[in-house]
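Summary of structural features
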Amino acid sequence: MNFTDDTEEALRAAVRLVNSAEEPETLETLTDVEAFLTDFPYSGRLDRDDAELAALRAIRPRLRDMLLAPRDEMARHVNAALAEAHLAPRLVRHDGIDWHLHAVDDERPLAERVLIETAMALIDVIRADEGSRISICADETCEALALDLSRNRSKRYCSTTCTNRNAVAAYRARRANA
């Protein structure tokens, strides 16, 4: 399944934000917000203050629930988020990115825009019945989310760290049984 670039980017940003709550916590300071914004350059209002940091931290559980929900429940989460928002949908082109949809005004708080962009991306996930592409990491010791945008649906781990740890463990298990 190929999603549009903006859908994939919104899903990646939401998963990164949700995973920032896992140990070790990676969204504790304004420097951490800057790092997030470097990787996911949201346009529009960026306050870069403690209130924005707190708001981003506060939406993480809601994003996690939305991303991991079964399809019908995911739709309910999306509809609730859209109903709460001050929607102002429009097509925009900026920063070298071709036409795409902004669902809320660029002056709305960043946390609200992240939540609504995630909801908009999940509309595509729901319509394509591709919710299985978002799961909990296959590493038994990890609770982070894994986002599989691969063509062959082969991604099972949240990061190369978890992938490598499990590959080494499997190798050692094979060697011990040989």
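First things first, this report covers the structure right here in the doc.

Cut-offs applied
Residues numbered from 1 in each chain as written. Predicted model: local features only at pLDDT ≥ 70, side-chain atom pairs only at ≥ 80, totals over all residues. Heavy atoms only, no water. Pairing = 2+ DSSP bridges. Helix = DSSP H or I, 4+ residues; strand = E, 2+ residues; numbered from the N terminus. Disulfide = S-S within 2.5 Å. Buried < 20%, exposed > 50% of the residue type's maximum accessible area, 1.4 Å probe, protein only. Core = buried A, V, L, I, M, F, W, Y, C linked by side-chain atoms within 4.5 Å. Contact = heavy atoms within 4.5 Å. Phe/Tyr/Trp six-rings, centres within 6.5 Å; stacked < 30°, edge-to-face > 60°. Salt bridge = Lys/Arg side-chain N within 4 Å of Asp/Glu carboxyl O. Patch = residues over 30% accessible without salt bridge, like charges linked within 9 Å, V, L, I, M, F, W, Y side chains within 5 Å. Areas by Shrake-Rupley, 256 points an atom, 1.4 Å probe, with all protein chains shown as cover.

Quick look at the pairing of strand β1 (residues 87-94)
Examined bridge by bridge, β1 and strand β2 (residues 97-104) share five bridges and lie antiparallel to one another. Across the sheet, V92 pairs through a bridge with H100, a residue of β2. Counted between consecutive antiparallel strands, the loop separating β1 from β2 contains two residues, among which D95 sits at a positive phi close to 50 degrees.

Re the state of the cysteines
Scanning the model with the defined rule gives zero disulfides in all. Take C158: it sits in no disulfide, and the sulfur closest to it among the cysteines is that of C142, at 3.7 Å. With no disulfide of its own, C162 has C158 as its nearest cysteine by sulfur position, at a separation of 3.8 Å. The buried category is assigned to C162, whose relative accessible area is 3%.

A short note on the nonpolar core
Membership of the largest hydrophobic core comes to 41 residues, with the highest contact counts inside it found for L67 and L122. Elements supplying a minimum of two residues to this core: α1 (5-19), α2 (30-39), α3 (50-68), α4 (71-84), β2, α5 (110-127) and β4 (145-147). Sort the elements by how many residues they give to this core and α5 lands first, with ten residues. Apart from residues lying up to four places away in sequence, L122 is in contact with L11, M66, L67, M74, V78 and I134. With five residues, the next largest nonpolar core counts C137, C142, A144 and C162 among its residues.

Brief notes about the packing of aromatic side chains
In this structure the tally under the stated criterion is two aromatic pairs. For the pair F36 and Y42, a centre-to-centre distance of 6.2 Å together with 25 degrees between the ring planes defines the contact as stacked. You can call Y42 buried: its relative accessible area is 11%. In this structure an aromatic cluster arises from ring pairing among F36, F40 and Y42.

Details of the pattern of salt bridges
Within the structure shown, the criterion is met by 16 salt bridges. We note a salt bridge from R45 to D47, for which the minimum N-O separation is 2.9 Å. Taking relative accessible area as the criterion, R45 reaches 28% and is therefore assigned partly exposed. Between E130 and R153 there is a salt bridge, with the nearest N and O atoms lying 2.2 Å from each other. One end of the pair, E130, is in the loop between α5 and β3 (134-136); the other, R153, is in the loop between β4 and α6 (160-177), with 23 residues separating them in the sequence. A residue is classified by how much of its surface remains accessible, and E130, at 9% relative accessible area, is buried. Members of the salt-bridge network, linked through shared partners, are E22, R64 and E143.

Digging into a nonpolar patch on the surface
Together, L91, W99 and L101 make up an exposed nonpolar region whose accessible area comes to about 330 Å². Since its relative accessible area comes to 60%, L91 is described here as exposed.

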